[in-house]
Amino acid sequence: MILRRVHLSVRRRRNIWALTMIVGTGMVIYLTLNHFPCSELMPTSEEKIYQVTTPDAKKSSILKDIKDLPVEDGFSRAEYLRHACENSIHRSGNKKVRVSFDPHVNAVYCPLCKIASTFLTRMFRMMALNYRKIPNGTVNTPFDVPISDAHPSTDNLDLNKWTVGSKDASNSFRFMFVRSPFDMLFSAYVDKFVGPNPYFNRLSSAENNQCGYANYSFRQLLEYVIVTDKKKKSLDCHVAKWDACLPCEVNYTYIGKMETFKDDITSILSALGQFRSLDAMEAKSAKLHAYDAIQDSVSGPFEWRKDIEKCMSWPDALRRIWRKLQIRGVIGTKGFSIFGFEAESISRTDYINVLKKVSEESTANERRMMKQLSYIEAYRNIPDEILDSIKHVYRNEFNLFNFSNDSKVFRQLDQYSALGFFNFSNIDSDILMHNLH
């Protein structure tokens with residue numbers, strides 16, 4: 001009965017969120033959204049839930065609907081993975097995997113860079129703080145945990161004993177998040193190269209060029225991935241394959257996807273009994289996400305200002321932050337409007353407040369359109385041979401997690417003029433959506 005209430009609670013919340021996706025924004029949005037899984041809010045079955053024990057994991061607790069389980073349900077994804085692994089030789093032989101573990105709710109999470117790892121690490125920190133009943137009161141959401149307090153876990157799940165340290169994890173709720181490799185690569189580029197980040201100069205092929213990151217193109221990032229993989233070297237974690245989570249060795253209970261993040265977080269928080277957090281996030285999740293993205297995007301560059309100014313002016317760095325947030329769908333089409341002495345002297349707090357105001361003045365459809373069109377623009381000029389090589393590099397990720405590797409979608413808007421998302425000299429101008437027609 002408890003599990004049934006959880007499932008019905010998830011369904012009610014999903015239906016509310018699904019209503020927000022009904023309104024279209026014309027032919028361009030129709031074309032893009034109908035090809036991207038991030039726009040698909042899958043319904044939840046109301047069938048009774050029961051428990052299944054699989055032979056590969058000692059006492060593993062797997063939740064599954066009796067019938068009509070939607071393809072995009074996280075429990076059915078885990079089942080799909082188990083079946084895919086039966087026919088796969090993709091086994092690492094490793095017997096330990098780095099995880100976050102909370103013994104009080106009996107949850108195990110395997111973090112992967114660029115796949116909500118910071119948010120989910122903060123979620124585990126939130127649960128730990130609430131269990132300890134911290135003096136300052138309950139931490140209502142993961143957003144209330146400072147990023148600086150979300151330290152990467154050093155715990156390991158031992159697959160021989162099914163323990164984390166001395167704690168039994170054999171019957172734990174084990175989950176991981178994945179996303180389309182195409183999306184992951186684009187997200188890594190926007191986060192680490194559009195937004196100025198001098199610490200990612202290590203990916204530049206130009207040795208001894210401390211400013212290589214400043215003009216690093218998306219195509220260069222894809223070529224780095226291909227060449228590094230061919231040399232059988234380790235990829236940077238932000239574009240790495242998902243071997244670290246041992247997808248065919250760990251019997252995961254739930255597989256979340258970034259494309260259906262809200263639904264999956266609802267399911268996971270419900271399964272872990274975090275209803276207070278769920279209610280707090282539901283009340284203002286969009287605003288919390290936007291403010292958190294702004295805070296994170298601004299704080300790093302202000303800390304790195306001395307290094308950044310070796311490669312670009314500070315006003316240009318602020319412009320790059322602005323464009324990064326446009327591409328991520330956090331702010332709208334309004335152009336950068338801080339100049340001269342104001343740009344040189346603006347404080348981190350004041351710049352955050354400017355961006356919050358710009359975000360609030362934009363519409364949800366406008367932001368969604370920016371996010372989707374910038375994605376298409378990044379891939380539209382990538383040669384087919386590079387895309388084919390990327391498919392080969394991430395072939396296990398596409399296959400094991402049922403992602404489409406169809407790259408034809410990137411050619412669907414060739415008849416439209418590019419809006420210049422990656423032309424960093426035009427950030428002062430408003431983006432004119434009527435140029436699409």
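How each quantity is defined
- Position labels on residues start from 1 in each chain and follow its written sequence.
- Residues qualify for local features only when their pLDDT is at least 70, as the model is predicted, and side-chain atom pairs are given and counted only at 80 or more; totals for whole chains, interfaces and linings, by contrast, use all residues.
- Calculation of side-chain values draws on the structure's entire complement of heavy atoms; hydrogens and water are dropped beforehand.
- DSSP bridges decide pairing: two strands pair if at least two such bridges lie between them.
- Numbering of helices and strands runs from the N terminus; a helix is a DSSP stretch of H or I covering at least four residues, while a strand is a stretch of E covering at least two.
- Think of a nonpolar core as a cluster: buried Ala, Val, Leu, Ile, Met, Phe, Trp, Tyr and Cys residues, connected wherever their side-chain atoms sit within 4.5 Å.
- Exposure is judged per residue with a 1.4 Å probe applied to protein chains only, and the accessible area is read against the type maximum: over 50% gives exposed, under 20% gives buried, and values in between give partly exposed.
- Contacts: residue pairs with any heavy atoms within 4.5 Å of one another.
- Throughout, disulfides are identified as pairs of cysteine sulfur atoms within 2.5 Å of each other.
- Two rings belonging to Phe, Tyr or Trp (six-membered ring only in the last case) form a pair when the distance between their centres is within 6.5 Å. Interplanar angles under 30 degrees mark stacking, angles over 60 mark edge-to-face geometry, and anything in between is tilted.
- Any Lys NZ or Arg CZ that is within 6 Å of a ring centre and within 35 degrees of that ring's normal is treated as a charge sitting over the ring.

Caption draft 1: Structural detail: the sheet that holds strand β8 (residues 173-178). The strand order β7-β6-β5-β3-β4-β8-β9 describes an open sheet built from seven strands, whose pairing is mixed. Every other strand in the sheet has two partners, leaving β7 (167-168) and β9 (254-257) as the edge strands with one partner each. Across two bridges, strand β5 (residues 155-158) lies against strand β6 (residues 163-164) in antiparallel orientation. By the bridge assignment, D158 is partnered in β6 with T163.

Caption draft 2: Here's a closer look at the nonpolar core. Within the largest apolar cluster, 120 residues are counted, with the highest numbers of intra-cluster contacts made by M123, L157, F175, F218, Y351, Y379 and Y394. Here the element with the most residues in this core is helix α5 (residues 181-194); it accounts for nine residues. Not counting residues within four places of it along the chain, the set of residues in contact with Y351 comprises V298, F302, L318, I321, W322, F336, I338 and I346.

Caption draft 3: Structural view of the pairing of β8. For β8, the buried fraction is high: six of the six residues fall into the buried class. Side chains of β8 alternate between two faces, with F173, F175 and F177 and R174, M176 and V178 buried alike. Both β8 and β9 contribute to a ladder of four bridges, which runs parallel. Across the sheet, residue V178 finds its bridge partner in β9, namely K257.

Caption draft 4: A look at the state of the cysteines. Under the criterion given, the structure shown has four disulfides. Residue C85 pairs covalently with C248 via a disulfide, S to S 2.0 Å. Taking the sign of the torsion about the S-S bond as the criterion, the disulfide between C85 and C248, at about -85 degrees, is left-handed. Of the two residues, C85 is situated in helix α3 (residues 74-86) and C248 in the loop between α6 (218-230) and β9; the sequence distance between them amounts to 163 residues. Taken individually, C85 and C248 each receive the classification buried, so the pair is uniform in this respect. Once the bonded cysteines of the chain are numbered in order along the sequence, the disulfide links fall as 1-7, 2-6, 3-5, 4-8.

Caption draft 5: Examining the packing of aromatic side chains more closely. If you walk through the whole model with that rule in mind, you get 30 aromatic pairs. Look at F186 and Y375: their rings are 5.3 Å apart centre to centre, the planes differ by 80 degrees, and that puts the pair in the edge-to-face class. In this pair, F186 is assigned in helix α5 and Y375 in helix α13 (residues 364-380), connecting sequence segments 189 residues apart. On the basis of relative accessibility, which here comes to 8%, the residue F186 falls in the buried class. Residue classification places Y375 among the buried positions, given a relative accessible area of 7%. One aromatic cluster is present, built from ring pairs that chain together F182, F186, Y189, F193, Y216, F218, Y375, Y379, F398, F410 and F422. When the ring centre of F403 is taken as origin, the NZ or CZ atom of K257, which lies over that ring, is 4.1 Å away. Positioned above the aromatic ring of F424 is the side chain of R320, whose terminal nitrogen or guanidinium carbon lies 4.1 Å from the ring centre.

Caption draft 6: Structural context of the side chain of N197. Mapped onto the elements of the fold, N197 is located in the loop between α5 and α6. Exposure remark for N197: the relative accessible area of 6% places this residue in the buried category. Not counting residues within four places of it along the chain, the set of residues in contact with N197 comprises K192, Y213 and W304.

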